[in-house]
Amino acid sequence: MKTTPASASAPPAAVPVHQRVAELAAAHIGPWQEGYLNDRSQAVAALARLRRGAGREAGETPDLWNLIDTDALHTPTAGARMLGEQELVRAENALHAALTLWAFHQQSRGTPMHRRHTRERPGGLGAAVRRLMPADGIDEPVRKRLVRAGTAPDLVSLTQRLRDIIALLRREDIPLDYALLAGQLYRWQWPDGPAAVRRRWGRSFHEQRRPRPASDENTTPDTDKDAS
């Protein structure tokens, strides 16, 4: 009996929702960041609007409804499916939080504050916080800020606590992978999500201490889906 190769008959693997949120965040930030760094008026105006939404719920900022395009979350493509209402709300909340935090981070900075995670240069929140500290020790007040963010009771509180951390990163010109953060903020909103995200941040914190190249330039995005 003739058999059909598995590769020809198997349906495409479903794209996890947190990955779709991360990819959409990157798709939004890329053009805005390039435009802002090149002083294009449209991008500068977009960042100003986004900053006003930082630390607030997505539904509280109608001015951003036509700026943050979420059509990709409503339209299934190859390897994707229609999202349920709860998935959509949490995806939109995560996207709003990540984009507005990035806009706050990027304000008045002349280098990209969104930088994709790579194994050589970890871009997760924990790694960024570790870079605020001396190489040979732990800055306890800074560490406590990360711990406090990890124990936030809800997404709005988490976003407000992250804003305090990002203010420190901004001052030191330390970038962050906001696509990765967007996916984590989506996961955060589900049962057991906060614990899983805290583990990622803790792993990222310790990962930053590994030796790495001196250059801190942006590189090709890592494809590791379990990046911290």
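The residue numbers shown here count from 1 along each chain, following its written sequence. For this predicted model, a pLDDT threshold of at least 70 governs which residues receive local features, and a threshold of 80 or more governs which side-chain atom pairs are given and counted, while totals over whole chains, interfaces and linings are taken from all residues. Only hydrogens and water are set aside when side-chain values are computed; all heavy atoms of the structure are taken into account.

(A) Region of interest: the packing of helix α2 (residues 17-37) against helix α3 (residues 41-51). Here an angle of 0 to 180 degrees is reported between the N-to-C directions of two axes, which are lines fitted to C-alpha atoms, with helices fitted over the stretch in contact. Helix and strand labels come from DSSP, where a helix needs a run of H or I of at least four residues and a strand needs a run of E of at least two; each type is numbered from the N terminus. The contact between α2 and α3 brings their axes to 8 Å, and the two run at 115 degrees. Where α2 crosses over α3, the two elements pack in a sense that is left-handed. Each of W32, G35 and Y36 in α2 lies in contact with α3, whose residues at this interface are A43, V44, A46, L47 and L50. Charged residues are taken to be Asp, Glu, Lys and Arg, nonpolar residues to be Ala, Val, Leu, Ile, Met, Phe, Trp, Tyr, Cys and Pro, and polar residues to be all remaining types, Gly included. Residue classes in the contact of α2 with α3 are distributed as seven nonpolar, one polar and no charged. Two helices that cross are described as forming a left-handed crossing if the nearer one is turned anticlockwise from the farther one by less than a right angle, and a right-handed crossing if clockwise. The contact criterion used is simple: two residues touch if any of their non-hydrogen atoms lie within 4.5 Å.

(B) Seen up close, the packing of aromatic side chains. Only rings of Phe, Tyr and Trp enter the pairing, Trp through its six-membered ring, and a pair is recorded when the two centres are within 6.5 Å. The plane angle decides the type: under 30 degrees is stacked, over 60 is edge-to-face, the rest tilted. Considering all chains together, one arrives at three aromatic pairs under this definition. For the pair W188 and W201, a centre-to-centre distance of 6.1 Å together with 20 degrees between the ring planes defines the contact as stacked. In this pair, W188 is assigned in helix α9 (residues 178-188) and W201 in helix α10 (residues 193-207), connecting sequence segments 13 residues apart. Buried means the residue's accessible area, taken with a 1.4 Å probe over protein chains only, is under 20% of the maximum for its type, while exposed means over 50%, and partly exposed covers the values in between. A relative accessible area of 4% means that W188 is categorised as buried. Since its relative accessible area comes to 2%, W201 is described here as buried.

(C) Focus on the pattern of salt bridges. By definition, a salt bridge exists where a carboxyl oxygen of Asp or Glu is found within 4 Å of a side-chain nitrogen of Lys or Arg. Counting across every chain of the model gives four salt bridges. Close ionic contact of D177 with R116 constitutes a salt bridge, the shortest N to O distance being 3.4 Å. With D177 in the loop between α8 (155-171) and α9 and R116 in the loop between α5 (85-106) and α6 (125-130), this residue pair connects regions lying 61 residues apart in the sequence. R116 gets classed as partly exposed once you look at its relative accessible area, which sits at 27%.

(D) Fine view of the nonpolar core. Counting residues in each nonpolar core, the largest one holds 54 residues, and the members touching the most others are L50, L158, L162, L185 and W201. Those elements that place two or more of their residues in this core are α2, α3, α5, α6, α7 (140-150), α8, α9 and α10. Counting residues per element, this core draws most heavily on α5, at 11 residues. Non-local contacts of L50, meaning those with residues more than four positions away in its chain, are made with W32, L64, L67, I68, L99, T100, W102 and A103. Each nonpolar core is a collection of buried residues, namely Ala, Val, Leu, Ile, Met, Phe, Trp, Tyr and Cys, held together in the definition by side-chain atoms within 4.5 Å.

(E) Seen up close, the side chain of R170. Checked against the element boundaries, R170 lands in helix α8. Although R170 is buried, it forms no salt bridge, and the closest oppositely charged side chain is D173 at an N-O distance of 7.5 Å. Here a polar contact is recorded for every N or O atom pair within 3.5 Å, except that within protein the pair must consist of a potential hydrogen donor and a potential acceptor, and residues adjacent in sequence are included only if both atoms are side-chain atoms. Looking at R170, its side chain comes within polar contact range of the main-chain oxygen of F104, at 3.4 Å. Look past the residues within four positions of R170 in its chain and what remains in contact with it is F104, H105, Q107, S108 and R109. We score Asp and Glu as negative and Lys and Arg as positive, and we do not count His or the chain ends.

(F) Region of the structure containing α3. A43, A46, L47 and L50 are the residues of α3 that are buried. Around the axis of α3, the buried residues are gathered within 100 degrees of arc, so they sit on the same side. An arc is given here, and it is the one of the directions from the helix axis to the C-beta atoms.

(G) Molecular detail of the packing of α2 against α9. One can describe the packing of α2 onto α9 by two numbers: an axis separation of 7 Å at closest approach and a directional angle of 145 degrees. As α2 runs across α9, the sense of the crossing is right-handed. Across the interface between the two elements, V17, H18, V21, A22, A25, A26 and I29 from α2 touch Y178, A179, A182, G183, Y186 and R187 from α9.

(H) Quick peek at the confidence of the model for the protein chain. You can read pLDDT as the predictor saying how much it trusts each residue, on a scale of 0 to 100. Confidence along the protein chain averages 85 in pLDDT terms, with 84% of residues attaining 70 or more. Looking across the protein chain, the model is least confident in helix α1 (residues 6-9), with a mean pLDDT of 47, and most confident in α9, with 97. Low pLDDT (under 50) marks residues 3-12, which in the prediction has two contacts with non-local residues, meaning those over four places away or in another chain. Ignoring residues within four places in sequence, the model shows residues 211-228, a span with pLDDT below 50, making 41 contacts including any to other chains.

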